[in-house]
2 protein chains.
Amino acid sequence: MGIVVQKYGGSSLADADAIKRVARRIVDIKKAGHDVVVAVSAMGDTTDDLLDLANGVSPLPPAREMDMLLTAGERISMALVAMAISDLGYTARSFTGSQAGVITDSVHGKAKIIDVTPGRITQAIGEGHIVIVAGFQGVSADTKEITTLGRGGTDTTAVALAAALEADVCEIYTDVDGVFTADPRIVPSARKLDRVSYEEMLELAACGAKILHLRSVEYGRRYGVPIHVRSSFSQLEGTWVVNDPKPSAPSQGDTMEQPIIAGVAHDRSEAKITVVGVPDKVGEAARIFEALADAQINLDMIVQNVSAAATSLTDISFTLPRTDGQTAMTALARIQAEVGYDKLLYDDKIGKVSLIGAGMRSHPGITSKFFGALASAGVNIGMISTSEIRISVIVDENAVDDAVRATHTAFELDADEVEAVVYGGTGR
Amino acid sequence: MGIVVQKYGGSSLADADAIKRVARRIVDIKKAGHDVVVAVSAMGDTTDDLLDLANGVSPLPPAREMDMLLTAGERISMALVAMAISDLGYTARSFTGSQAGVITDSVHGKAKIIDVTPGRITQAIGEGHIVIVAGFQGVSADTKEITTLGRGGTDTTAVALAAALEADVCEIYTDVDGVFTADPRIVPSARKLDRVSYEEMLELAACGAKILHLRSVEYGRRYGVPIHVRSSFSQLEGTWVVNDPKPSAPSQGDTMEQPIIAGVAHDRSEAKITVVGVPDKVGEAARIFEALADAQINLDMIVQNVSAAATSLTDISFTLPRTDGQTAMTALARIQAEVGYDKLLYDDKIGKVSLIGAGMRSHPGITSKFFGALASAGVNIGMISTSEIRISVIVDENAVDDAVRATHTAFELDADEVEAVVYGGTGR
């Protein structure tokens, strides 16, 4: 009978009926004897509408004012959810990120949470209220400016609140039934995972699974917050993201060994830049990555070829979000004379396919099976990068679907008929 | 080169183009060497849209959450205005009512400003920024809850900021050219007033002139803030609301004596309740008005007849906002047995016509001329109420237009041809 933190995204709050449905879910938890704290995103298309308004008055709006504008979205949805709860005979108090004590750094548009001081929340809980908190937003520690946490920020708000309040669980409500072994739109036989470790979820999120935001998983792992990803359109159990997937299992007494592979993720949002003919001297590569860091660009995979002995020149390739492509190319062009490289190549017709699973640590032969599956499907591998629980490859953009399906089948992740029925037969 | 405070209402901020036009006006003042602080309302229909959303989830939303919801409107408009200013090469900082230091009591939906602590505003001004403040909202002193000031609240925000910042002027931008001697929709020959005293403006506002909110005028009078009511669609001088209309006149060296009458106001938003057969004993009337006060109802005119000697019974009539009619009737019905009155009569087919002018203090015969004009127009007078600078009568709702026109003509307020041209020939 502790605290349950819930998060509802924009698709769960699309209109008045959706908000009323969410209010009923919230009240059900309260009726069951729990204290409830809810983080909400802006309704449906609100954020896009606000962005359109901003673009209407300025092609390059200041980030501070953009944060001020966008935070109106959660303010609207949280008040409406509180009203809908009130209409069911329970009392709710809505709080902005600032009121809820979500303290961030002062980087507008992608602020990081540095502390949560939930004094007003605990007071409201103590008074018997259901608490609704605006997701995605906070207030900067030094300048007391309104900040936003960037895309997916409400997931992070929810997990941070759960950590600060020492909640029993953080329930992330979404429009699918949980985390799947692959995107069901590409692999109809994909299976829902009952549970997954923080590490696997981190890799899945980092590799393109959009269901849970990377930073929220990092936060959850650091503070040991059990995260339950589930659908706001059904009462089905979803996927539990926990420290050690087995002991935390909330249901089913199965005794299967931990599966080797959690899933296959893919990502079509990256581009590849190759810096050709970099002099193979100490500090040259550092200069390149310094310039990219100064431009606030997060790189993903990085590959440096062995230099050709004859020329002492090397090529450096890396991947990055396509949206940062132009900025990165400009930053690199500026240092061409200084570094003395030959030329830049840009390719945004790529995709990344990743095989993820904590079990692969103790199972040799995973890599060869993965590459073999890709070869059988006629997929050519561009770049390769690995971690202890992940293997990622860059392939041609058009080969992504084939690569995902071939890998999913090779690792025996496809659901059999019985399981497909269990999960509604649709795979979602 | 002091501080200029400006207020723009929703009709001046209807869309992106309107916001850009407002931004250019603001920047013009800044270019002229002034510091500028701007209070903004929500864009065009935003407030109505938010009310619709609220009604969609709850028939009777809690006032606290309604305030949280509605304040999103100014948050959106202030950020957009700041962006539009930035696009013109100037820097702007938007602040919520809470950030701007607008401290109120804790009556949600119609909070009163109790203090303004504009530390962040003066800091931003000192850094060279244009400051945009969300109108209509504040934060409660004791509970730190978000509050709204009620209808017309942004006028009050602007005047309160002007007072706290010791601004040179508070410019209230609206969609008409200033304050007129009567509503130009009813009296096409109505003239724009160049200047009007706080007292006259108070009476005009209280009697139905919608151009400036009553509380903002009260605030302006208390702190001696010069208020300039003008159109956001032209560069014309508007109407100055000042302490002594003559010395503060910003233009024209005219030597005319102060006119007797400032204008004729009308109001169709009231209803009349008559309590019939009240025992004429000490305390009975007090009990009636106590019950109405407990129900938070503001009364306007009150008339008690002399009791008929034979019965010792009297009738008490009063007017009140139509929107409070049902509440008042319910409150009175509850005390019928206790007070022992006979019955209640309710009439919402009434209108109020008021003649206002500081000059009437020293001019006898105003009342007889007013009533004479009404008689000539065939208008029957219901109730009468007077102050030192105002005479109001209740008439039949359908007789309001005739009464206003006849009075306007009788007191020679009609514009001649020359003046009609000066003010654009449209009377607005």
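The residue count restarts for each chain, going from 1 along the sequence in the order it is written. To label them, take the chains in the order written and letter them from A, then take the ligands in the order written and number them from 1. In keeping with the model being predicted, local features are shown solely for residues with a pLDDT of at least 70 and side-chain atom pairs are shown and tallied solely at 80 or more, while totals for entire chains, interfaces and linings include all residues.

Asker: With reference to specific residues and values, describe the overall build of chain A.
Answerer: The secondary structure content of chain A amounts to 13 helices and 20 strands. With the radius of gyration taken over C-alpha atoms, the globule rule is written as 2.2 Å times the number of residues to the power 0.38. For 428 residues, the compact-globule estimate of 2.2 N^0.38 gives 22 Å, and the C-alpha radius of gyration of chain A, at 23 Å, lies within 12% of that figure. Expressed as lengths along the three principal axes of its C-alpha atoms, the size of chain A is roughly 80 × 55 × 35 Å. Here exposure depends only on C-beta density: within 10 Å of a residue's C-beta, 20 or more other C-beta atoms make it buried, 12 or fewer make it exposed, and intermediate numbers make it partly exposed, the C-beta atoms being placed from the backbone. The buried share of chain A, reckoned over its 428 residues, is 49%. Once C-beta atoms have been placed from the backbone, residue pairs whose C-beta atoms lie within 7 Å are recorded as contacts. Sequence separation of 24 or more characterises 75% of the internal contacts of chain A that already satisfy a separation of 6 or more. Only DSSP runs of H or I with at least four residues qualify as helices, and only runs of E with at least two residues qualify as strands; both kinds are numbered from the N terminus onward.

Asker: Requested: an account of the environment of B:Ile335, with residues and values cited.
Answerer: Residue and element names in this part refer to chain B. Tracing the backbone shows Ile-335 in the loop between α9 (325-334) and α10 (336-339). Sequence separation between Ile-335 and Ile-288 is 47 residues; the distance between their C-alpha atoms is 7.8 Å. Once you skip the residues sitting within four places of it in the chain, Ile-335 turns out to touch Arg-287 and Ala-291.

Asker: I'd love a proper account of the sheet that holds strand β16 (residues 313-321) of chain A, names of residues and values included.
Answerer: All names here are of chain A. Read across the sheet, four strands follow the order β15-β16-β14-β17 without closing on themselves; strand pairing throughout is antiparallel. The outermost strands of the open sheet, each flanked by one partner alone, are β15 (302-304) and β17 (343-347). Averaged over all pairs of adjacent strands, the angle between their axes in this sheet comes to 15°, without regard to strand direction. If DSSP finds at least two bridges between two strands, the strands pair. Pairing geometry for β15 and β16, over three bridges, is antiparallel. Opposite Val-303, over in β16, you have Ser-317 as the bridge partner. Between N-to-C directions, angles span 0 to 180 degrees; the directions come from axes that are lines fitted to C-alpha atoms, helices contributing only their stretch in contact. The sheet contacts of helix α8 (residues 284-294) involve β14 (270-279), β15 and β16, and relative to β14 the element is tilted by about 145°.

Asker: Lay out the relation of the copies chain B and chain A with the relevant residues and their values.
Answerer: Structural alignment of chain B on chain A gives an RMSD of 0.1 Å, achieved by rotating through 180° and translating 0.0 Å along the axis. In short, the pair behaves as if placed about a two-fold rotation axis. Closest to the rotation axis within chain B is the C-alpha of B:Ala72, separated from it by 2.5 Å. Mapped onto chain A, 100% of the interface residues of chain B are again interface residues, and the two copies thus contact each other with one and the same surface. In this comparison the copies share one frame, found by least squares on the C-alpha atoms of residues holding pLDDT of at least 70 in both.

Asker: Mind laying out the packing of helix α2 (residues 46-57) of chain A against helix α1 (residues 16-31) of chain B, listing which residues take part and the relevant values?
Answerer: Running from N to C, α2(A) and α1(B) point in directions that differ by 45°, and their axes come no closer than 9 Å. On the basis of their axis angle, the class for α2(A) and α1(B) is oblique. Between α2(A) and α1(B) lies a crossing of right-handed hand. Each of A:Leu53, A:Gly56 and A:Val57 in α2(A) lies in contact with α1(B), whose residues at this interface are B:Ala16, B:Ile19 and B:Lys20. Note on residue classes: Ala, Val, Leu, Ile, Met, Phe, Trp, Tyr, Cys and Pro are nonpolar, Asp, Glu, Lys and Arg are charged, and everything else, Gly too, is polar. Across the contact of α2(A) with α1(B), the residue classes tally to four nonpolar, one polar and one charged. Any angle from 65 to 115 degrees is called roughly perpendicular, while one under 35 is roughly parallel, one over 145 is roughly antiparallel, and all others are oblique. Crossing chirality is assigned from the near helix's rotation relative to the far helix, an anticlockwise turn below a right angle marking it left-handed and a clockwise turn marking it right-handed.

Asker: Kindly report on the sheet that holds strand β2 (residues 35-40) of chain A, identifying the contributing residues and their values.
Answerer: All names here are of chain A. Spatial ordering of the open sheet is given by β3-β6-β2-β1-β9-β11-β12-β10, a layout of eight strands whose pairing is mixed. Strands at the two margins of the open sheet, each flanked by one partner only, are β3 (92-95) and β10 (195-197). Sheet twist, expressed as the average angle between the axes of neighbouring strands with direction ignored, equals 20°. The sheet contact formed by strand β9 (residues 169-174) and strand β11 (residues 227-231) spans five bridges and is parallel. Along β11, the bridge assignment pairs Tyr-173 with Arg-230. Of the strands in this sheet, β1 (3-8), β2 and β6 (130-134) are in contact with helix α1 (residues 16-31), which crosses β2 at around 155°.

Asker: Any chance you could break down the nonpolar core for me, citing the residues and the numbers?
Answerer: Here a nonpolar core is just a set of buried residues of the types Ala, Val, Leu, Ile, Met, Phe, Trp, Tyr and Cys, joined wherever their C-beta atoms sit within 7 Å. Counting 248 residues, the largest nonpolar core has A:Val81 and B:Val81 as its most contacted members. Discounting chain neighbours no more than four positions away, the residues touching A:Val81 are A:Ile19, A:Val22, A:Ala23, A:Val38, A:Val40 and A:Ile132.

Asker: An account of the environment of A:Thr143 is requested, with residue identities and associated values reported.
Answerer: Turning to its location among the elements, A:Thr143 is positioned in the loop between β7 (137-140) and β8 (146-148). Once the C-alpha coordinates of A:Thr143 and A:Ser106 are considered, the two residues, 37 residues apart in sequence, prove to be 7.4 Å apart.

Asker: Could you give an account of the pairing of strand β7 (residues 137-140) of chain B, with specific residues and numbers?
Answerer: All names here are of chain B. One ladder, built from two bridges, connects strand β4 (residues 102-104) with β7; its direction is parallel. Along β7, the bridge assignment pairs Ile-103 with Val-139. The pairing of β7 with strand β8 (residues 146-148) spans three bridges and is classified as antiparallel. Paired with Val-139 across the bridge in β8 is Ile-146. Hairpin remark: β7 followed by β8, antiparallel, with five residues in the connecting loop; positive phi at Lys-144, about 55°.

Asker: Describe helix α5 (residues 153-164) of chain A, listing the residues and the values that go with them.
Answerer: All names here are of chain A. In a regular helix each residue adds 1.5 Å, so twelve residues correspond to 16 Å; α5 covers 16 Å between its end C-alpha atoms and thus fits that length. Burial analysis of α5 places eleven of its twelve residues in the buried class, which makes it a mostly covered element. Turning to α5, its buried residues are Gly-153, Thr-154, Asp-155, Thr-156, Thr-157, Ala-158, Val-159, Ala-160, Leu-161, Ala-162 and Ala-164. Residue Glu-166 follows α5 closely and has a positive phi angle near 50°. Take the residue count of a helix, subtract one, and multiply by 1.5 Å to get its expected span.

Asker: Could you give an account of the interface of chain B and chain A, with specific residues and numbers?
Answerer: Each partner contributes to the interface: chain B provides 25 residues, whereas chain A provides 25 residues. At the level of secondary structure, the elements contributing two or more residues to the side of chain B that touches chain A comprise α1, α2 (46-57) and α3 (63-87) of chain B. Per element, the largest residue contribution to the side of chain B that touches chain A is 13 residues, and it comes from α3(B). Taken together, the residues of the side of chain B that touches chain A break down into 17 nonpolar, four polar and four charged.

Asker: Explain helix α3 (residues 63-87) of chain A to me, and be specific about the residues and the numbers.
Answerer: An ideal rise of 1.5 Å per residue puts 36 Å on 25 residues; α3(A) measures up with 37 Å between its terminal C-alpha atoms. Phi turns positive, to about 90°, at A:Gly89, one or two residues after α3(A).

Asker: Tell me about the confidence of the model for chain A, residues and numbers included.
Answerer: Caution applies to low-pLDDT regions: their predicted coordinates should not be interpreted in detail. All names here are of chain A. Summing up the model confidence of chain A, the mean pLDDT is 89 and the portion of residues at 70 or higher is 92%. In the predicted structure, residues 247-256 sits below a pLDDT of 50 and forms eleven contacts with residues beyond four places in sequence or in another chain. Each residue gets a pLDDT score, which is the predictor's confidence in that residue and runs from 0 to 100. The low-confidence segment residues 417-428, where pLDDT is below 50, has 14 contacts with residues more than four positions distant or belonging to other chains. Across the assembled chains, the prediction reports ipTM 0.80 with pTM 0.83.

Asker: Lay out the pairing of β2(A) in plain terms, naming residues and giving numbers.
Answerer: Residue and element names in this part refer to chain A. With six of its six residues buried, β2 lies for the most part within the structure. The two faces of β2 match: Asp-35, Val-37 and Ala-39 on one face and Val-36, Val-38 and Val-40 on the other face are all buried. When the strands point away from the viewer and the path from the first strand over the helix to the second turns clockwise, the crossover is right-handed. With α1 bridging β1 and its parallel neighbour β2, the resulting β-α-β unit is right-handed. In this sheet, β6 lies alongside β2 in parallel orientation, the contact comprising four bridges. Directly across from Val-38, in β6, lies its bridge partner Ile-132.

Asker: An account of the packing of α1(B) against α3(B) is requested, with residue identities and associated values reported.
Answerer: All names here are of chain B. Taken N-terminus to C-terminus, the directions of α1 and α3 make an angle of 60°; their axes are 9 Å apart at the nearest point. Considering only the axes of α1 and α3, their crossing is right-handed. Taken together, the residues of α3 that come into contact with α1 (itself represented by Ile-19, Lys-20, Val-22, Ala-23, Ile-26 and Val-27) are Leu-80, Val-81, Ala-84 and Ile-85. Residues of the contact of α1 with α3, tallied by class, amount to nine nonpolar, no polar and one charged.

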